[in-house]
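Close look at the chain arrangement
These are the residues of each chain, in order.
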Amino acid sequence: TVTDSPMYITYIPTHPRKEAVVSTQSTGTFTLGAGTDLVVATIKQFRDKVVGKSVGEIFGGYREFYRSITQASQMRWLGPEKGIVHLAAAALFNGIWDLAARLAGKPLWQLVVDTPPTKLVAMVDWSYLGDVVTEEEAVNMLCVGEEEKQRRIRKLKDEGYPAYITSVGWLGYPDEKVRALTEEKLSEGWTAFKMKVGVNRESDERRAGLMRSLIGPDNTLMMDANQIWDVPTTISRMVPGLTQYNPLWIEEPTSPDDILGHKAISEALAPHGVGVATGEMCQNRVMFKQFLQSGAMQFCQIDSCRVAGVTELLAIMVLARRFGVPVVPHAGGVGLCELVRHYSMIDYIMVSGEMEGRWCELADHLHEHFTDPAVTKTGRYLLPSLPGFSTQLKEESARFYSYPAGICWSNDKGAVM
């Protein structure tokens, strides 16, 4: 049974067991702080649709349950399927999938890949996608022979999944710190690096030159503008400016809603061998469909907390395969690395079957607060092995940082744990 609690989704088995209660924190969404209370308030609006239901009951009619949340008639007016209501839906669905995986004794990626494709496809809401992919086509895309599936899992266990590191190139870092961090990661075996751009032309090109000189011509460089430019500015900053440093992509160069703007940028940069990456703030599967249909994205950056959970992201990964676009998850915030690594594993095992030219982002900070933190070795994510969706915070971290009662907020300056 899912119970009403401010911090936990709790499952109580219907038969007596020694472990009578299994609890997991519902930490399935991500904000920058301000506005979190609005997401929490929105989650509470869905309480009556969730409380009292068993996980088995929810999963037995998942598509209908999903639509009862995303298509709730009055809440839908605040979206539909975008903004705060969709962030709230993501938190709710992520928490439920985390709980289901814990009850199954499997990491989330394994729960998904062990589910028959026909059942998975029946759980997904395919509304508005029928012009580009049918449910039958989706089933066919997800069907992987058991022998091949096990081969892919063994490969992930042996080699891990390729990652790129963002933590070396934040805008606020002086050149000396960028140099030190980049050299440190190079010594650890990293081969793909991302830097932020968008301050001014001189600063961007100086820092890009520094990064390229440090990592050499054979390693991969990505750039991220975080929506700072309009379309003409993007093109003028990239050509001939930043393209001379051979970035693989420019990420979020303009408004995340401007599909045609991204298409124009993609067309301008294609002759220079630079792609456009976007998706971390793409609102829903319908917008992803249009980005992919129009050729406006060359790298599909799904985010585990922006859209409504596992099934919507599965639909997006199927769309990306349909259009031949690699999935490269976004993970630039607290807990996102823990979550999205599962999607990279799912993509490799049962959707694309590819790792070449694909990476999962790592922002190398704050993992110490999670009970199942993201782990990398020589620039690759290791396969998660603990049951659940890796979202559970350590109890001491949750107590310390909980707002407003946590010790962190006991004075104006806060405290350091």
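One can find the structure itself at the top, above this paragraph.
Throughout what follows, the structure given in this document is the object of discussion. (Residues numbered from 1 in each chain as written. Predicted model: local features only at pLDDT ≥ 70, side-chain atom pairs only at ≥ 80, totals over all residues. Heavy atoms only, no water.)

**Overview of the overall build of the chain**
Put simply, the rule reads: Helix numbers and strand numbers start at the N terminus; a helix is a DSSP run of H or I with at least 4 residues, a strand a run of E with at least 2. The globule rule used for comparison is 2.2 Å times the number of residues to the exponent 0.38, while the radius of gyration itself is calculated over C-alpha atoms. Exposure classes here rest on a 1.4 Å probe applied to the protein chains alone. A residue is buried below 20% of its type maximum, exposed above 50%, and partly exposed in between. Any pair of residues with heavy atoms lying within 4.5 Å of one another is described as a contacting pair. Here the open area of atoms and residues is found with the Shrake-Rupley method and a 1.4 Å probe, where only the protein chains shown may cover a residue. His is not counted, nor are the chain ends; Lys and Arg add positive charge and Asp and Glu add negative charge. In plain terms, the charge of a residue is placed at NZ if it is Lys, CZ if Arg, CG if Asp and CD if Glu.
When helices and strands are counted, the chain shows 17 helices and eleven strands. Taking 2.2 N^0.38 as the reference for a compact globule, 417 residues should give roughly 22 Å; the C-alpha atoms of the chain span a radius of gyration of 21 Å, in line with that estimate. Once the C-alpha set of the chain is aligned to its principal axes, its extents read approximately 65 × 55 × 45 Å. The buried share of the chain, taken over its 417 residues, is 54%. Across the chain, the fraction of contacts at a sequence separation of at least 24, relative to all contacts at a separation of at least 6, is 73%. Carbon and sulfur atoms make up 53% of the accessible area of the chain, which totals about 17900 Å². Side chains of the chain carry 42 positive and 49 negative charges; the gap between the two charge centres is 3 Å.

**Some words on helix 16 (residues 336–351)**
What counts here: Working rule for helices: expected span equals 1.5 Å times residues minus one.
In a regular helix each residue adds 1.5 Å, so 16 residues correspond to 22 Å; helix 16 covers 21 Å between its end C-alpha atoms and thus fits that length. By the criterion of burial, helix 16 is predominantly enclosed, with 16 of the 16 residues buried. Positioned one or two residues after helix 16, Gly 353 has a phi angle of 70°, which is positive.

**Digging into the side chain of Glu 312**
The condition is simple: We define a polar contact as two N or O atoms separated by no more than 3.5 Å, with the added condition that, inside protein, one atom must be a possible hydrogen donor and the other a possible acceptor, whereas residues neighbouring each other in sequence contribute only through side-chain atom pairs.
Mapped onto the secondary structure, Glu 312 falls in helix 15 (residues 309–322). Within the local environment of Glu 312, its side chain forms a polar contact with the backbone nitrogen of Arg 285, the two atoms lying 2.9 Å apart. Discounting residues that sit within four places of it in the chain, Glu 312 has contacts with Tyr 66, Glu 81, His 86, Asn 284, Arg 285 and Val 307.

**Here's the deal with helix 4 (residues 62–70)**
One turn of an α-helix holds 3.6 residues; hence residues three or four places apart share an orientation. Selection rule: Here the arc refers to the set of directions running from the helix axis out to each C-beta atom.
Every buried residue belonging to helix 4 is among Tyr 62, Phe 65, Tyr 66, Ile 69 and Thr 70, and all of these are buried. Taken down its axis, helix 4 places every buried residue within 125° of arc, on the same side. Buried residues in helix 4 make contact with helix 2 (47–50), helix 3 (55–60), helix 5 (83–104), helix 7 (117–123), helix 14 (285–294) and helix 15.

**Here we look at the pattern of salt bridges**
Convention followed: When a carboxyl oxygen of Asp or Glu is within 4 Å of a side-chain nitrogen of Lys or Arg, the pair counts as a salt bridge.
Across all of its chains, the model carries 26 salt bridges by this definition. When the shortest N-O distance is used, the salt bridge between Asp 347 and Arg 358 registers 3.1 Å. Placement of the pair is Asp 347 in helix 16 and Arg 358 in the loop between helix 16 and strand 9 (360–362), with a sequence separation of eleven residues. As a salt-bridge pair, Glu 395 and Arg 399 come within 3.8 Å of each other at their nearest N and O atoms.

**Some words on the state of the cysteines**
Let me state the cut-off plainly: Throughout, a disulfide means two cysteine sulfur atoms within 2.5 Å of one another.
Tallied over the full model, the rule gives zero disulfides. A disulfide-free cysteine, Cys 282 has its sulfur positioned 7.9 Å from the sulfur of Cys 300, the nearest such atom. You can see Cys 360 has no disulfide; the closest cysteine sulfur is in Cys 337, sitting 7.0 Å from it.

**Observations concerning the packing of helix 12 (residues 231–241) against helix 13 (residues 259–269)**
Keep this limit in mind: Angles here are taken between N-to-C directions and fall from 0 to 180 degrees, while the axes themselves are lines fitted to C-alpha atoms, restricted in helices to the stretch in contact. The scheme is simple: roughly parallel for angles under 35 degrees, roughly antiparallel for over 145, roughly perpendicular for 65 to 115, oblique for anything else. By convention, the crossing between two helices is left-handed when the near helix turns anticlockwise from the far helix through less than a right angle, and right-handed when the turn is clockwise. Amino acid classes used here: Ala, Val, Leu, Ile, Met, Phe, Trp, Tyr, Cys and Pro are nonpolar; Asp, Glu, Lys and Arg are charged; the rest, including Gly, are polar.
Interhelical geometry of helix 12 versus helix 13 gives an angle of 20° and a closest axis separation of 10 Å. By the criterion of interaxial angle, the relationship of helix 12 to helix 13 is roughly parallel. Crossing of helix 12 over helix 13 shows right-handed handedness. Across the interface between the two elements, Val 231, Thr 234, Ile 235, Met 238 and Val 239 from helix 12 touch Gly 261, Ala 264, Ile 265, Ala 268 and Leu 269 from helix 13. Residues of the contact of helix 12 with helix 13, tallied by class, amount to eight nonpolar, two polar and no charged.

**Some words on the packing of aromatic side chains**
To keep it simple, the criterion reads: Pairing of aromatic side chains requires ring centres within 6.5 Å, counting the rings of Phe and Tyr and the six-membered ring of Trp. Pairs whose planes differ by under 30 degrees are stacked, by over 60 edge-to-face, and all others tilted.
One pass over the full model with this rule turns up twelve aromatic pairs. Ring geometry for Tyr 62 against Trp 97: centres 5.7 Å apart, planes inclined by 70°, an arrangement best described as edge-to-face. Separated by 35 residues along the polypeptide, Tyr 62 in helix 4 and Trp 97 in helix 5 bring together distant segments of the chain. Accessibility assignment for this pair places Tyr 62 and Trp 97 in one class, buried.

**Quick look at the environment of Arg 76**
Its location among the elements puts Arg 76 in the loop between helix 4 and helix 5. Along the chain, Arg 76 and Ala 374 lie 298 residues apart, while their C-alpha atoms are 35 Å from each other. Those residues in contact with Arg 76 that lie beyond four places of it in its chain are Thr 70, Gln 71 and Tyr 128. Looking at Arg 76, its side chain comes within polar contact range of the side chain of Gln 71, at 2.5 Å.

**Brief notes about unusual backbone geometry**
Residue Pro 80 is reached from Gly 79 by a cis peptide bond, and omega for that bond is -10°. Counting through the fold element by element, Pro 80 comes out in the loop between helix 4 and helix 5. A cis amide bond links Val 239 to the next residue, Pro 240, at an omega of 0°. Following the sequence through the fold, Pro 240 ends up in helix 12. The backbone of Gln 227 shows a phi angle near 70°, a positive value even though the residue is not glycine. Within the fold, Gln 227 resides in the loop between strand 5 (220–224) and helix 12. For Gln 227, a relative accessible area of 27% corresponds to the partly exposed category. Look at Thr 378: it is not a glycine, yet its phi comes out positive at around 45°. Examined against the element boundaries, Thr 378 turns out to sit in the loop between strand 10 (376–377) and strand 11 (380–381).

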